[in-house]
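Descriptive structure summary
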Amino acid sequence: MVSWAITGATRGIGSVDPKNQVFALIRSRGTAGPLEKLAAKRKNIHIVVTDISDPRKLDQATAEVSKVTAGSLDVLILNAGSAGPDTNALPPIKIDCSQIKNNLISNIYVIHSFLDLVRNGKEKKIIFISSQSGDVEVTRISGLPTMLGYSISKAGMNMVTTKFGIELAQDGIKTLSMSPGWVNTDAAQAVTGDPEIRKFMLSAFHKIDPSVNGPIPVDESVTAMLQVIQNLTEANSGKFLTHHGNDDEWF
Ligand SMILES: NC(=O)c1ccc[n+]([C@@H]2O[C@H](COP(=O)([O-])OP(=O)(O)OC[C@H]3O[C@@H](n4cnc5c(N)ncnc54)[C@H](OP(=O)(O)O)[C@@H]3O)[C@@H](O)[C@H]2O)c1
């Protein structure tokens, strides 16, 4: 049985359940209604409430997972993240640095806490859910100057993932940063719900891919990403890939 731990599993991309043993690491039960319903039906889903910005609480979460898995974890997925809807439209000079703390520093804490468990796992994979916003060329071509804090957090984590991939190769651990595509989650709807903003986003994304016509369903993104995770080997460890498993199909 393969064990998975996923941060930010209350809703959105993190909520779809891979088969096998799943530890859903969440910060609050307040938004976890659908997850709670699923966990009530499936004995293989374990809800662990933690705070990814607090290493002490993360160590408690790790101990909870360890008790069930006898000290191992096969796949760690760093999915928790937010672009901060309130700051979406701010220009670079108004950078919101809280995104860097929430989406970058906290993820490093999560890796530190779960590393020993991953070392003992069979799959030995650490996956970071990144974003097109963290890609320099996508940013340059789409011409979007907003969300600097979010973009830095994703670009920075891409580098963190690569560095850990190099360091941990000797332990057989593989790492990957992956953009999920443009996905129809609460976060995307908060932006695309406004027809004017949707039009603006589409016109920016058309510069990258003229065929994109809106966010894709969560299931489509997750199915594609699971395939990429399955194909992760030593040879492509440390890369930043799209949900299609390449470096140019962002949607
Ligand atoms: N949707 C897209 O088009 C898209 C595109 C590129 C990248 N992404 C990335 O994909 C990941 C999932 O996004 P999504 O679209 O599924 O967003 P979402 O629907 O807003 O869900 C985000 C999840 O992350 C959790 N989370 C956010 N900030 C957190 C924090 N500081 N501590 C703990 N948990 C936190 C949320 O928990 P609560 O329920 O407690 O808020 C929720 O479970 C994110 O990393 C996002 O940057 C998404």
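Scroll up to find the structure.
Reading the values: rules and limits
- Residues numbered from 1 in each chain as written.
- Predicted model: local features only at pLDDT ≥ 70, side-chain atom pairs only at ≥ 80, totals over all residues.
- Heavy atoms only, no water.
- Pairing = 2+ DSSP bridges.
- Helix = DSSP H or I, 4+ residues; strand = E, 2+ residues; numbered from the N terminus.
- Contact = heavy atoms within 4.5 Å.
- Axes fitted to C-alpha atoms, helices over the stretch in contact; angles between N-to-C directions.
- Buried < 20%, exposed > 50% of the residue type's maximum accessible area, 1.4 Å probe, protein only.
- Phe/Tyr/Trp six-rings, centres within 6.5 Å; stacked < 30°, edge-to-face > 60°.
- Patch = residues over 30% accessible without salt bridge, like charges linked within 9 Å, V, L, I, M, F, W, Y side chains within 5 Å.
- Areas by Shrake-Rupley, 256 points an atom, 1.4 Å probe, with all protein chains shown as cover.
- Salt bridge = Lys/Arg side-chain N within 4 Å of Asp/Glu carboxyl O.
- Polar contact = N/O pair within 3.5 Å; in protein donor to acceptor, adjacent residues only side chain to side chain.

**Regarding the sheet that holds strand β2 (residues 21–26)**
What the 7 strands build is an open sheet, ordered β3-β2-β1-β4-β5-β6-β7; its pairing is parallel. This sheet does not close on itself; its edge strands, each paired only once, are β3 (45–49) and β7 (240–241). Bridging between strand β5 (residues 125–129) and strand β6 (residues 174–178) involves 5 bridges; their strand directions are parallel. Each bridged residue has a counterpart across the sheet, and for I127 the counterpart in β6 is L176. Its contacts with the sheet put helix α2 (residues 55–69) on β1 (3–7), β2 and β3, and the angle it makes with β3 is roughly 160°. Against the sheet, helix α3 (residues 98–119) engages β1, β2, β4 (75–78) and β5, with an angle of about 175° to β4.

**Focus on the environment of N88**
Relative to the helices and strands, N88 is located in the loop between β4 and α3. Residue N88 is classed as buried on the basis of its relative accessible area of 18%. In sequence terms N88 and V191 are 103 residues apart; their C-alpha atoms lie 8.3 Å from each other. Ignoring any residue separated from it by four or fewer positions in sequence, one finds N88 in contact with A83, T146, M147 and V191.

**Comments concerning the packing of aromatic side chains**
Scanning the model with the defined rule gives 3 aromatic pairs in all. Aromatic pair F205 and F251: ring centres 4.7 Å apart, planes at 45°, arrangement tilted. Of this pair, F205 sits in helix α7 (residues 195–205) while F251 is found in the segment after β7, placing the two residues 46 residues apart along the sequence. The residues F205 and F251 share a single accessibility class, namely buried. Ring plane angle 55° and centroid distance 5.4 Å describe the contact between F240 and W250, whose orientation is recorded as tilted. Taken as a pair, F240 in strand β7 and W250 in the segment after β7 lie far apart in primary sequence, 10 residues in all. With relative accessibility at 18%, the residue F240 sits in the buried group. Grouping aromatic residues by their ring pairs yields a cluster made of W182, F205 and F251.

**Focus: a nonpolar patch on the surface**
There is a patch of nonpolar side chains on the surface, built from I95, L148 and I152 and spanning about 190 Å² of accessible area. Tracing the sequence through the fold places L148 in helix α5 (residues 148–168).

**Here's the deal with the side chain of D74**
Tracing the chain through its elements places D74 in the loop between α2 and β4. Among the polar contacts listed, one links the side chain of D74 to the backbone nitrogen of S3, at a separation of 2.8 Å. Not counting residues up to four positions away in its chain, the partners in contact with D74 are M1, V2, S3, G121, K122, E123, K124 and K125.

**Comments concerning the pairing of β1**
Burial analysis of β1 places 5 of its 5 residues in the buried class, which makes it a mostly covered element. Residues S3, A5 and T7 point to one face of β1 and W4 and I6 to the other, with burial holding for every one of them. Pairing between β1 and β2: 5 bridges, direction parallel. The residue of β2 that forms the bridge with S3 is Q21. Here 3 bridges tie β1 to β4, and the two strands are oriented parallel to one another. When the sheet's bridge partners are listed, W4 is paired in β4 with V75.

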